[in-house]
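Residue-level structure breakdown
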Amino acid sequence: AALKAQLDTKLFGQHLAKDVVLKAVMGFQNNPSPKKPLTLSLHGWAGTGKNFLSQILAEQIHSAGLRSKFVHLFLATLHFPHHNQLQLYQEQLQNWIRGNVSACPQSVFIFDEMDKMHLGLIDAIKPFLDYYEEVDGVSYRKAIFIFLSNAGGDLINKAAFDFWTRGKQREEIQLKDLEPILSVGVFNNKNSGLWHSSLIEKNLIDYFVPFLPLEYKHVKMCVRAEMIARGYAVNEKVVQAVADEMTFFPKEQKIYSDKGCKTVQAKLDIHEDI
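Residues numbered from 1 in each chain as written. Predicted model: local features only at pLDDT ≥ 70, side-chain atom pairs only at ≥ 80, totals over all residues. Heavy atoms only, no water.

1. A short note on the environment of Lys168
For clarity, the threshold we go by: Secondary structure elements follow DSSP: runs of H or I of four or more residues count as helices, runs of E of two or more count as strands, with numbering from the N terminus.
Note on placement: Lys168 falls in the loop between helix H7 (153-165) and helix H8 (175-187). Lys168 sits 91 residues away from Lys259 along the chain, and the two C-alpha atoms are 23 Å apart.

2. A word on the domain arrangement of the protein chain
Here is the rule: What counts as a domain boundary in this text is fixed by an automatic or database domain assignment. Whether two residues are in contact is decided by their heavy atoms: any pair within 4.5 Å suffices. Note on terms: buried area is the combined drop in 1.4 Å-probe accessible area of two parts once they are placed together, counting the loss on both. A pair is scored as a salt bridge if a Lys or Arg side-chain nitrogen falls within 4 Å of a carboxyl oxygen belonging to Asp or Glu. Residues adjacent in sequence count toward polar contacts only when both atoms are side-chain atoms; beyond that, a polar contact is any pair of N or O atoms within 3.5 Å, and within protein one must be able to donate a hydrogen and the other to accept it. Here the nonpolar group is Ala, Val, Leu, Ile, Met, Phe, Trp, Tyr, Cys and Pro; Asp, Glu, Lys and Arg are the charged ones; every other residue, Gly included, is treated as polar.
Each domain of the protein chain was delimited in the assignment, giving domain 1 (1-211) and domain 2 (216-271). One C-alpha centre belongs to domain 1, the other to domain 2, and the line joining them spans 27 Å. Taken together, the contacts link 10 residues of domain 1 with 14 residues of domain 2. Regarding the contact of domain 1 and domain 2, the summed buried area is about 1100 Å², with carbon and sulfur atoms giving 71% of it. The tally of links from domain 1 across to domain 2 stands at zero salt bridges. If you look at where domain 1 meets domain 2, you find two residue pairs in polar contact (both at pLDDT 80 or more). In the side of domain 1 that touches domain 2, the residues fall into six nonpolar, three polar and one charged.

Here it is, written out as structure tokens:
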């Protein structure tokens, strides 16, 4: 209930992501003996809520969220910068995960910037995501792995636009409309971090979760939420002013924000005086 309330009040325009993640996590947490760790791959353009959702999820599992010693965030460009050290990174990653799951079976691992991950690096964690009771005496079946990626965002945007041009509501888009093209698209994309990955080949990613591009009304929701978070009364003139400063695509129709809600905080700062 707490996870649902957080998603309902803080994550906008993402009916699919909310529904899939809520059901996946609830099913996993209520299962006394899962057969494998829960593995989610979140896809969509920047600013659509992937980081946000993973933070909310982490907080519901470990109250300190990203500050918890049981929640681990990896940034591809920070933690794995050099391509010529791929083997070293693979060994470090395996040792890090092994050590942390030994300390806490319910560990959460978040891999951000998957689209900047060196090819083959993520395959090092395959043994931990598979259907094994234990690996070297350690059970990984209660851990959660989350991948965040911009890869596949263009496929998701195209599908959303196709629905719009056919006069359909975005809420009519179902997971089955996007998940197959997403898994194939990411598998065949050299810039996805999952190019020809054994994680996809062996069906070890439980859900490919699409984040839809955000519309003008969703940007306004983000502005209101940010104002409330800062303790301000919601001023609709400011809400509109901030939303109007965002840029939208496609060029002719201008339906979707090209940065999602990414720059809302910065743009709101400009209107502090109001």
